[in-house]
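Here is how the chains run, residue by residue.
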Amino acid sequence: MLRRGMFFAHRDFSAILDRKEQGKPFFLYTGRGASSGSLHLGHLVPFMFTKWLQEVFDVPLIIQMTDDEKFLWKDLKVDEAKKMAKENMKDIISVGFDPEKTFIFNNLDYMCPPFYENVVKIWKIVNANQARSIFGFSPEDCIGKGAFPAIQAAPSFASSFPHIFGKRNDIPCLIPCAIDQDPYFRMTRDVAPRLKAAKPCLIFSSFLPALQGAQTKMNASEPNTCIYLSDTPKQIKNKINKYAFSGGQQTVEEHRAKGGNCDVDISYQFLKFFLEDDEKLAEIREKYTKGELLSGELKALATVEVNRVVGEMQERRKKVTDEDVELFSKVRPLAFKF
Ligand code: TRP
């Protein structure tokens, strides 16, 4: 994903690499606001990348589940928001994170004095005008929406997790996330010096496009735009065949003559995200562009790859229990000393 430019932008990533080289501590922080019972393929992208970062960096990982955010933004009861967060935690655990090195929490259960202290400190520094220009709130929005960004910002500071970092507030984090989360962390980076805390560093992914086309993104509330991690192989095949936007030509003759356009073709985009083998991907691109490979054949290749990724997730998901959720979300030290 890094090689292919799926992760395409960053803030201060080089500072994190320097710390790695110098053996200085840092941690990873990412999150998820659960608005459906199951993750979709697009949600998986930052988490797969985060798992790889955890392996190569060998540092603590913090994952925030924003059930409070979804309660405020969506038509959900508190219990429903919490329940979705718990279900999504199981999907996230299935990505394969190491329980000795990962703390997953939902805001409504974890909010504790040190975390809340950071939240009120941020509230005091950012005024309503600034928040409105960053997030675009309107005067009719409930005041909870205006208050929420501080709650997503606070886990960037090590002092929100005394059971992991003790009293230290000089340990920076690296936040792998999709580009739409940047406003939260621009705000966080602005306030960090005034809290005498380290600024978070970031690395951003683009969106996995929706089935409908390259300029769209998967929407968990619209089943035909996305592939859920709970879809069956048959559903996945049907969705790709029926909905995946094709960069191919109208007829086979025309396609053989003019070739297809990979840049707008969703099946190709899926392969670009999930097919590991660079040579094979290049070969597919060349053949499709020349018209040697047909649209249906490209869809079949994408179906195999998506089914592999989803199938592997489902195998692991079957084994994740309520006890595992408890294990990951228990307030405890991780396998690192600070
Ligand atoms: N707001 C994010 C969402 O709706 C959830 C989130 C919380 C998050 N903390 C984060 C995402 C940190 C990325 C990084 O999905």
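In this text, all values refer to a predicted model and were calculated from it rather than measured experimentally.

J.: Please explain the domain arrangement of the protein as it appears in this structure.
T.: It is common to give the size of an interface as the accessible area lost on bringing the parts into contact. Parsing the protein into structural domains produces domain 1 (7–209) and domain 2 (219–317). Computed from C-alpha coordinates alone, the two centres of domain 1 and domain 2 are separated by 31 Å. Across the boundary between the two partners, domain 1 contributes 19 residues, which contact 18 residues of domain 2. Each partner contributes to the roughly 1,600 Å² buried at the junction of domain 1 and domain 2, and carbon and sulfur atoms together form 71% of this total. If you look at where domain 1 meets domain 2, you find two salt bridges. The partner of Arg317 in a salt bridge is Glu87, and the shortest N-O contact between them spans 3.2 Å. Summed over the shared surface of domain 1 and domain 2, the result is five residue pairs in polar contact (both at pLDDT 80 or more). Put simply, the parts of the chain that give the side of domain 1 that touches domain 2 at least two residues each are α2 (41–57) and α4 (78–93). Among the elements that take part in the side of domain 1 that touches domain 2, α2 stands out by supplying five residues, more than any other. Residue composition of the side of domain 1 that touches domain 2, by class: nine nonpolar, seven polar and three charged.

J.: Would you mind going over the packing of helix α6 (residues 113–125) against helix α8 (residues 143–153) with me for this structure?
T.: Helix-helix packing is characterised by the crossing angle of the two axes and by the distance between the axes. The contact between α6 and α8 brings their axes to 9 Å, and the two run at 130°. What the angle tells us is that α6 and α8 run oblique. Judged by the twist between their axes, the crossing of α6 over α8 is right-handed. On the side of α6, the interface is formed by Phe115, Val119, Ile122 and Trp123, while α8 contributes Ala147, Ala150, Ile151 and Ala153.

J.: What is the right way to look at the nonpolar core in this model?
T.: Core analysis: the largest hydrophobic core is formed by 51 residues, its most contacted members being Leu41, Leu174, Ile227 and Phe270. Tallying contributions element by element places α2 first for this core, with seven residues. When residues of this core are sorted by domain, at least three fall in each of domain 1 (7–209) and domain 2 (219–317). Excluding anything up to four places from it in sequence, Leu41 contacts Leu208, Met218, Ile227, Leu229, Phe274, Val306 and Val310.

Rules behind the numbers
Residues numbered from 1 in each chain as written. Predicted model: local features only at pLDDT ≥ 70, side-chain atom pairs only at ≥ 80, totals over all residues. Heavy atoms only, no water. Domains from an automatic or database assignment. Contact = heavy atoms within 4.5 Å. Buried area = accessible area lost by both parts, 1.4 Å probe. Salt bridge = Lys/Arg side-chain N within 4 Å of Asp/Glu carboxyl O. Polar contact = N/O pair within 3.5 Å; in protein donor to acceptor, adjacent residues only side chain to side chain. Helix = DSSP H or I, 4+ residues; strand = E, 2+ residues; numbered from the N terminus. Nonpolar A, V, L, I, M, F, W, Y, C, P; charged D, E, K, R; others polar. Axes fitted to C-alpha atoms, helices over the stretch in contact; angles between N-to-C directions. Parallel < 35°, antiparallel > 145°, perpendicular 65-115°, else oblique. Left-handed = near helix turned anticlockwise from the far one by under 90°. Core = buried A, V, L, I, M, F, W, Y, C linked by side-chain atoms within 4.5 Å. Buried < 20%, exposed > 50% of the residue type's maximum accessible area, 1.4 Å probe, protein only.

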